[in-house]
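Survey of secondary and tertiary structure
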Amino acid sequence: FIWVGLGKHYVKNGRVEVCDRKGGVCRSQGLDGDKDFEGGVMRVKRLPDSGVSYPSPLLENPVYDKVHEYFVEEGDAVVVNTVINERDLVCREGETALVPKMFERAGPRDRVVFDADQVHAAIVSCGGVCPGINTIIKEITRALERQYHVKRISGVPKGYRGIYGEAPWMKLSYDDLAESHRLGGTLLGTSRGGFDLDRIVNNINKQGVNQLYIIGGDGTVRGAQAIADEVERRGMRVAVSHIPKTIDNDLVVIDKSFGFDTAVEEAQRAIYAANVEVKSFPNAVGIVKLMGRSSGFIAMNATLSSGCVDCCLIPESPFDLDKLLEFIREKISTQNHCLVVVAEGAGQDYVGEFVKLRDASGNRLLGDIGLFLSTKVKEYFEDVIQQEVTVKYIDPTYMVRAIPANASDNLYCTLLSHAAVHGVNAGFTAFMTGPVNGKQCYIPLSEVVGKRNAVDTRTKAYARLISSTGQPSF
């Protein structure tokens with residue numbers, strides 16, 4: 001097997017790289033189909049070369065003395081699509097071979113580009129709260145302090161606006177944060193909006209920050225990209241890393257975002273509570289509204305894991321209200337109850353037209369689909385079919401968001417945080433860290449900005465959902 005091509009390759013109109021065994025040169029050859037193909041390593045930007053680098057402090061750390069192959073070698077990469085037909089991986093003379101899309105593998109390098117005594121690292125959390133933020137803050141601080149000997153670490157209060165605001169920055173140390181992972185929310189505080197690029201970069205420069213760690217979701221990542229571009233334009237030697245935080249799991253490329261597992265676990269508790277309620281009353285309908293503005297991952301996974309839901313509604317799959325109500329009536333007639341899980345962004349055609357406002361992050365405010373369905377179910381049974389019904393409506397949104405991370409997410413947050421610190425100290429910038437096929441990678445922000453992960457209703461995952469609930473196509 002010969003892997004063709006490291007570096008960035010774009011092959012248009014179905015043309016791929018082909019290896020000629022005579023000398024190992026690559027040439028183009030047509031491939032059936034007209035879909036564009038993108039392959040090779042999607043490389044992350046590096047800070048400008050100052051001509052000076054230092055041996056990694058980890059080389060002298062006794063913890064790592066017995067760890068073999070601890071440092072990542074230049075050129076190590078993780079393949080994005082692990083399901084490829086084997087014939088496309090073999091490069092024989094005159095035959096086509098795919099250049100798989102890859103991301104640079106995350107982890108420590110044996111040389112770093114920062115003198116620890118000259119580092120001022122700043123950490124900021126933006127957007128809504130999510131399980132695991134405090135673990136991220138704690139573990140970034142631990143890696144900087146105990147692995148890279150950084151002495152000046154600041155916590156920025158209240159999101160992007162805190163970078164240039166009047167509130168003083170917090171001095172962070174691992175000893176002070178050791179128990180913080182047991183707390184929900186963010187000890188730094190957060191906010192939506194407040195992004196003022198010039199004021200942010202001006203104060204980064206004034207404060208002497210040369211490492212910036214930004215925790216946030218799809219809106220925050222746009223800001224991180226803008227900051228990285230602006231400090232580069234101004235010739236400032238500032239490394240910018242983004243740690244993906246979105247409880248909806250709607251960031252592209254990575255396997256999942258932190259806090260998602262905890263959210264699904266807590267959402268499942270709400271579903272179990274609703275299930276107890278509807279089974280305790282005659283003609284009972286339970287409606288549980290879960291998070292998911294544009295992506296229904298929490299609703300889908302909580303439904304699958306609970307095993308007691310009759311219908312799951314997500315933004316990616318529109319539904320007809322009349323058909324839904326008829327389905328609920330059938331369930332009531334056959335089993336005396338019905339349990340519906342709905343993502344907050346589902347059914348906005350029915351309620352979203354009445355909401356014209358946007359929040360400080362620019363997101364359109366959603367109509368309350370849970371309350372709407374509760375009202376419509378009650379009206380349908382009492383006014384149309386003239387049957388008494390009990391409706392139980394549960395909205396656990398803020399309970400789910402505000403809890404501490406579970407064991408799985410705490411471990412995941414640790415891996416994300418350490419990978420970010422390793423990358424920044426090796427000189428990477430304008431990148432997001434996250435797992436691709438279970439391996440931590442460095443992902444250029446340009447691969448993420450303006451894109452959103454969503455449930456693909458053509459996949460096996462969605463088929464499993466429909467199979468689990470037994471719901472028809474609405």
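Sequence order as written defines the numbering, with residues in each chain counted from 1. Local features in this predicted model are restricted to residues whose pLDDT is 70 or higher, and side-chain atom pairs enter the listing and the counts only when it is 80 or higher, whereas totals over whole chains, interfaces and linings include all residues. Computation of side-chain values: all heavy atoms of the structure, hydrogens and water removed.

Right, let's get into the overall build of the protein chain. Each helix and strand in the protein chain was counted, giving 13 helices and 21 strands. Three labels apply to residues, based on accessible area from a 1.4 Å probe with only protein chains included: buried if under 20% of the type maximum, exposed if over 50%, partly exposed otherwise in between. Looking at the protein chain as a whole, 54% of its 474 residues qualify as buried. When checking whether two residues touch, look at their non-hydrogen atoms; a contact exists if any pair is within 4.5 Å. Relative to all contacts within the protein chain whose residues are 6 or more apart in sequence, the contacts with residues 24 or more apart total 77%. Here the Shrake-Rupley method, with its probe set to 1.4 Å, supplies the accessible areas, and only the displayed protein chains count as covering residues. Carbon and sulfur atoms make up 49% of the accessible area of the protein chain, which totals about 21,700 Å². Under the scheme used here, helices are H or I runs from DSSP no shorter than 4 residues and strands are E runs no shorter than 2 residues, and both carry numbers assigned from the N terminus.

Here we have four strands laid out as an open sheet, ordered 16-17-15-18, and parallel in their pairing. This sheet does not close on itself; its edge strands, each paired only once, are strand 16 (311-313) and strand 18 (390-394). Averaged over all adjacent pairs, the angle separating strand axes in this sheet is 15 degrees, with direction ignored. Here seven bridges tie strand 15 (residues 284-290) to strand 17 (residues 337-343), and the two strands are oriented parallel to one another. When the bridges of strand 17 are listed, A284 appears paired with H337. Sheet contacts for helix 10 (residues 369-384): strand 15, strand 16, strand 17 and strand 18; angle to strand 15, the most-contacted strand, approximately 165 degrees. Pairing between strands requires that DSSP locate at least two bridges from one strand to the other. To obtain an axis, a line is fitted to C-alpha atoms, over the contacting stretch when the element is a helix, and the angle between two such axes runs from 0 to 180 degrees between their N-to-C directions.

Here a Phe, Tyr or Trp ring, Trp counted by its six-membered ring, pairs with any other such ring whose centre lies within 6.5 Å, and the pair is stacked when the planes are under 30 degrees apart, edge-to-face when over 60, and tilted otherwise. Scanning the entire structure with this criterion turns up nine aromatic pairs. Ring centres 5.6 Å apart and planes at 80 degrees place the aromatic pair Y70 and F71 in the edge-to-face group. With a relative accessible area of 23%, Y70 lands in the partly exposed category. A centroid spacing of 4.9 Å and a plane angle of 75 degrees characterise the contact between Y160 and F195, whose relative ring orientation is edge-to-face. Separated by 35 residues along the polypeptide, Y160 in the loop between strand 11 (152-156) and helix 2 (161-164) and F195 in the loop between helix 3 (174-177) and helix 4 (197-207) bring together distant segments of the chain. Site record: aromatic cluster; members linked through ring pairs are F319, Y350 and F372. Sitting over a ring, as applied to charges here, requires NZ of Lys or CZ of Arg to be within 6 Å of the ring centre and within 35 degrees of the ring normal. Against the face of Y412 rests K256, its NZ or CZ located 5.6 Å from the ring centre. A cation sits over an aromatic face here: K392 above F281, 4.2 Å from the ring centre.

So, on to the pattern of salt bridges. The term salt bridge refers to a pairing of a side-chain nitrogen on Lys or Arg with a carboxyl oxygen on Asp or Glu at a separation within 4 Å. Inspection of the entire model under this criterion finds 27 salt bridges. Note that D76 is salt-bridged to R105, the shortest N-O span being 3.6 Å. Taken as a pair, D76 in the loop between strand 6 (54-55) and strand 7 (77-79) and R105 in strand 8 (residues 101-105) lie far apart in primary sequence, 29 residues in all. Residue D76 is classed as partly exposed on the basis of its relative accessible area of 26%. Of the residues examined, R105 reaches a relative accessible area of 38% and is grouped as partly exposed. Taken together, the salt bridges that share partners define one network made up of R43, R46, E74 and E104.

Before going further, it helps to examine the packing of helix 8 (residues 321-335) against helix 10. Between helix 8 and helix 10, whose axes approach to 11 Å, the crossing angle comes to 65 degrees. By crossing handedness, the relation of helix 8 to helix 10 is classed as right-handed. Across the interface between the two elements, L321, L324, L325, E326, I328, R329 and I332 of helix 8 pack against F372, L373, K376, V377, Y380 and F381 of helix 10. In terms of residue class, the contact of helix 8 with helix 10 is made up of ten nonpolar, no polar and three charged. In this scheme the handedness of a crossing depends on how the near helix is turned from the far one: anticlockwise by less than a right angle means left-handed, clockwise means right-handed. Only Asp, Glu, Lys and Arg are considered charged, only Ala, Val, Leu, Ile, Met, Phe, Trp, Tyr, Cys and Pro nonpolar, and every remaining residue, Gly among them, polar.

Buried Ala, Val, Leu, Ile, Met, Phe, Trp, Tyr and Cys residues that are joined via side-chain atoms within 4.5 Å together make up what is termed a nonpolar core. Of all hydrophobic cores here, the largest spans 67 residues; its most connected members are I123, Y213, I243, F258, I271 and L290. With 35 residues, the next largest nonpolar core counts V124, C126, I214 and V240 among its residues.

With that settled, consider the confidence of the model for the protein chain. A residue's pLDDT is simply how confident the predictor is in it, with values from 0 to 100. Put simply, the protein chain has an average pLDDT of 87, and 85% of its residues get 70 or more. When mean pLDDT is compared element by element in the protein chain, strand 10 (residues 120-125) scores highest at 98, while strand 3 (residues 25-30) scores lowest at 37. Scored below 50 in pLDDT, residues 1-37 shows 92 contacts in the model against residues more than four places distant or in partner chains.

Right, let's get into the pairing of strand 21 (residues 439-444). Within strand 21, five of the six residues are buried, which leaves the element mostly enclosed by the surrounding structure. Bridge count between strand 8 and strand 21: two bridges; the pairing is antiparallel. Pairing of R105 across the sheet is with C441, part of strand 21. The pairing of strand 20 (residues 431-436) with strand 21 spans six bridges and is antiparallel. Along strand 21, the bridge assignment pairs P435 with Q440.

Given 3.6 residues per turn, any residue in an α-helix points the same way as the ones three and four places further on. Counting buried residues in helix 7 (residues 297-306) gives seven out of ten residues, a clear majority hidden from the surface. Those residues of helix 7 that sit buried are F297, I298, A299, M300, A302, T303 and S306. Turning to helix 7, the residues buried within the fold contact helix 6 (260-280), strand 15, strand 16, strand 17 and helix 13 (460-469).

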